[in-house]
Amino acid sequence: MFWVLLLLLAWGFAGFACTRLCLAAGRAGAAERAAATADDRHELTLYEAAYLSGGPARVADLAMVRMARQRRLLLAHTGWATVVNPRGHDEMERFVIAAVGPGGQSRIAPVRAAAARSEAIRHLGDRLEHAGLAVPAGSGSDVASAVRLVRAAALAVLVLAATALLLPSDTELPLLMACLWFLLPLLLTLGFLLIARFELRPYTRWASPAGQRLLGALTARRDREGADGDGFGADRDGGESGLLTSLATRGIRALAEPELRAAFNHRDQPWRE
């Protein structure tokens, strides 16, 4: 009767994995229902778009490049940042200036890392999460890890079934009947994977489905209006808006200036785009 113990293990793996997927999907569904209340007419600021597209590091990039484009911060291709005008236009820029330090010059990588951990960005993320535009902590990753667990459970069921069939048995249980018993937990896991494939919304790391809709609308407006850029939230500097919007949604690779890209290529590996 050793095969019965293997069958119980198969059911245990399948039941645990599928239950965890149900719970994760329930939490994600609650977050999505909250996100459904988000106003699709809301116009994202550049900082909001940067956070939803790339998280805190992207917001820090945007603040630094915006200051550099306005000649208030020099970003050298050697990876150094130098403050030209110590008066920040907003809270995020003031954090960047403070991160550079009293000497007015610092490597870009530590400035970027410090700015990404600033209270300004943390408050920005909290506001977006409260509005249903940002993914609540753990929602997307919980669903993804639960799906991976169900896949692993399906594989475990197959391994246990093969083990049960290959081991000598002290019963007269037909081979077909043994296969059918193990087929049930296998079908359970495969069924949950199929449902997850078609029913669960894809989550990015930062933007909820509502946030993704607003980002899509912002990108469409950028494509329609080109470098004209009027209406892109916090930035009203004409042609600069289109460039900064591309930076917010696509990251450093959207920059046309090779010197600026070279400056950010010196940053630490954990923050690389």
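Chains are numbered independently. Their residues run from 1 in the order of the written sequence. The predicted nature of this model means local features are confined to residues of pLDDT at least 70 and side-chain atom pairs, given and counted, to a pLDDT of 80 or more, with totals for whole chains, interfaces and linings taken over all residues. Processing note: side-chain calculations cover all non-hydrogen atoms of the structure and skip hydrogens and water entirely.

**Digging into the overall build of the protein**
Selection rule: Numbering of helices and strands runs from the N terminus, with a helix taken as a DSSP run of H or I at least four residues long and a strand as a DSSP run of E at least two residues long. For each residue, the accessible area found with a 1.4 Å probe, counting protein chains only, is set against the maximum for its type, and the residue is called buried under 20%, exposed over 50%, and partly exposed in between. The contact rule is simple, with two residues in contact once any of their heavy atoms fall within 4.5 Å. Using a 1.4 Å probe, accessible areas were evaluated by the Shrake-Rupley method; residue-level cover was limited to the displayed protein chains.
When helices and strands are counted, the protein shows 10 helices and three strands. When the helices and strands of the protein are placed in sequence order, the string is α-α-β-β-α-β-α-α-α-α-α-α-α. A buried classification covers 44% of the 273 residues belonging to the protein. Long-range contacts, defined here as pairs at least 24 residues apart, represent 70% of the contacts in the protein between residues at least 6 apart. Accessible area for the protein stands at about 14,400 Å²; split by element, carbon and sulfur atoms hold 61% of it.

**Comments concerning the packing of aromatic side chains**
Applied cut-off: Within 6.5 Å between ring centres, the rings of Phe, Tyr and Trp (the latter by its six-membered ring) count as paired, and their orientation is classed by plane angle as stacked under 30 degrees, edge-to-face over 60, tilted in between. Working rule: Lys NZ or Arg CZ, within 6 Å of ring centre, within 35 degrees of ring normal, means a charge sits over the ring.
Under the defined criterion, the tally for this structure stands at one aromatic pair. Here the guanidinium or amino end of Arg197 rests over the ring plane of Phe198, the centre of that ring lying 5.6 Å away.

**Details of the sheet that holds strand β3 (residues 105-107)**
Where we set the bar: Two strands qualify as a pair provided that DSSP identifies no fewer than 2 bridges between them. Helix axes are fitted only over the stretch in contact, all axes being lines through C-alpha atoms; the angle between N-to-C directions runs from 0 to 180 degrees.
If you trace the three strands from one edge of the open sheet to the other, you get β1-β2-β3, paired in antiparallel fashion. Looking at the sheet topology across the chains shown, the edges are occupied by β1 (73-75) and β3. Averaged over all pairs of adjacent strands, the angle between their axes in this sheet comes to 20°, without regard to strand direction. Here three bridges tie β1 to strand β2 (residues 80-83), and the two strands are oriented antiparallel to one another. What sits directly across from Leu74, in β2, is Thr82. Here helix α4 (residues 108-116) sits on the sheet in contact with β1, β2 and β3, set at roughly 90° to β3.

**Observations regarding the confidence of the model for the protein**
Filter applied, for reference: The pLDDT score gives, residue by residue, the confidence of the prediction method on a 0 to 100 scale.
Taken residue by residue, the protein gives an average pLDDT of 81. The fraction at 70 or more is 79%. Low pLDDT (under 50) marks residues 227-238, which in the prediction has 33 contacts with non-local residues, meaning those over four places away or in another chain. Low pLDDT (under 50) marks residues 267-273, which in the prediction has 18 contacts with non-local residues, meaning those over four places away or in another chain.

**Quick notes on the pattern of salt bridges**
Convention followed: A pairing counts as a salt bridge when a side-chain nitrogen of Lys or Arg comes within 4 Å of a carboxyl oxygen of Asp or Glu.
A complete count under the given rule lists three salt bridges for this structure. With a closest N to O distance of 1.8 Å, Glu257 and Arg69 form a salt bridge. Of the two residues, Glu257 is situated in the loop between α9 (239-250) and α10 (258-264) and Arg69 in helix α2 (residues 46-69); the sequence distance between them amounts to 188 residues. Under the relative-accessibility criterion, Glu257 is labelled partly exposed at 23%. Residue classification places Arg69 among the partly exposed positions, given a relative accessible area of 26%. One salt bridge in this structure joins Glu93 and Arg72, with 2.7 Å as the shortest N-O distance. On the criterion of sequence distance, the pair formed by Glu93 in helix α3 (residues 91-100) and Arg72 in the loop between α2 and β1 is long-range, its members being 21 residues apart. Each member of the pair, Glu93 as well as Arg72, carries the same accessibility label: buried.

**A few points about the environment of Ser53**
Looking at the secondary structure, you find Ser53 in helix α2. Taking the C-alpha atoms as reference, Ser53 lies 6.8 Å from Ala207; in sequence the two are 154 residues apart. When neighbours within four sequence positions are excluded, Ser53 is seen to be in contact with Arg58, Trp206, Leu215, Ala248 and Thr249.

**Some thoughts on a nonpolar patch on the surface**
Using the following cut-off: Residues forming no salt bridge and having over 30% relative accessible area are the ones grouped into patches, like charges within 9 Å of each other and nonpolar side chains (Val, Leu, Ile, Met, Phe, Trp, Tyr) within 5 Å.
Among the surface-exposed residues, Trp11, Leu176, Met177, Leu180, Trp181, Leu183, Leu184 and Leu187 lie close enough to one another that they form a single nonpolar patch of about 750 Å² accessible area. Looking at the nonpolar patch element by element, the count peaks at seven residues for helix α7 (residues 175-199). Within the element layout of this structure, Leu187 appears in helix α7. Residue classification places Leu187 among the partly exposed residues on the basis of a relative accessible area of 48%.

**Some details on the side chain of Glu93**
Note the following rule: Polar contact is the term for a pair of N or O atoms within 3.5 Å; when the atoms are in protein, one must be able to donate a hydrogen and the other to accept it, and sequence-neighboring residues count only if both atoms are side-chain atoms.
The class for Glu93 is buried, based on a relative accessible area of 1%. For Glu93, the side chain forms a polar contact with the side chain of Arg72, separated by 2.7 Å. Beyond its immediate stretch of four places on either side in the chain, Glu93 contacts Tyr47, Arg66, Met67, Arg72 and Gly88.

**Comments concerning the environment of Leu255**
Within the secondary structure, Leu255 sits in the loop between α9 and α10. In this structure, the C-alpha to C-alpha distance between Leu255 and Leu243, residues 12 residues apart in sequence, is 7.4 Å.

**Regarding unusual backbone geometry**
With a phi angle near 60°, Arg71 is a residue other than glycine that sits in the positive phi range. When its relative accessible area of 60% is taken as the criterion, Arg71 is described as exposed.

**Considerations on the packing of α2 against helix α5 (residues 119-130)**
How we decide: Handedness of a crossing is defined here by the sense of rotation of the near helix relative to the far one, left-handed for an anticlockwise turn of less than a right angle and right-handed for a clockwise turn.
Running from amino to carboxyl end, α2 crosses α5 at an angle of 150°, the nearest separation of the two axes being 11 Å. For the pair α2 and α5, the crossing hand works out as left-handed. Touching Tyr47, Glu48, Tyr51, Leu52, Pro56, Val59 and Ala60 of α2 are Ile121, Leu124, Gly125 and Leu128, all from α5.

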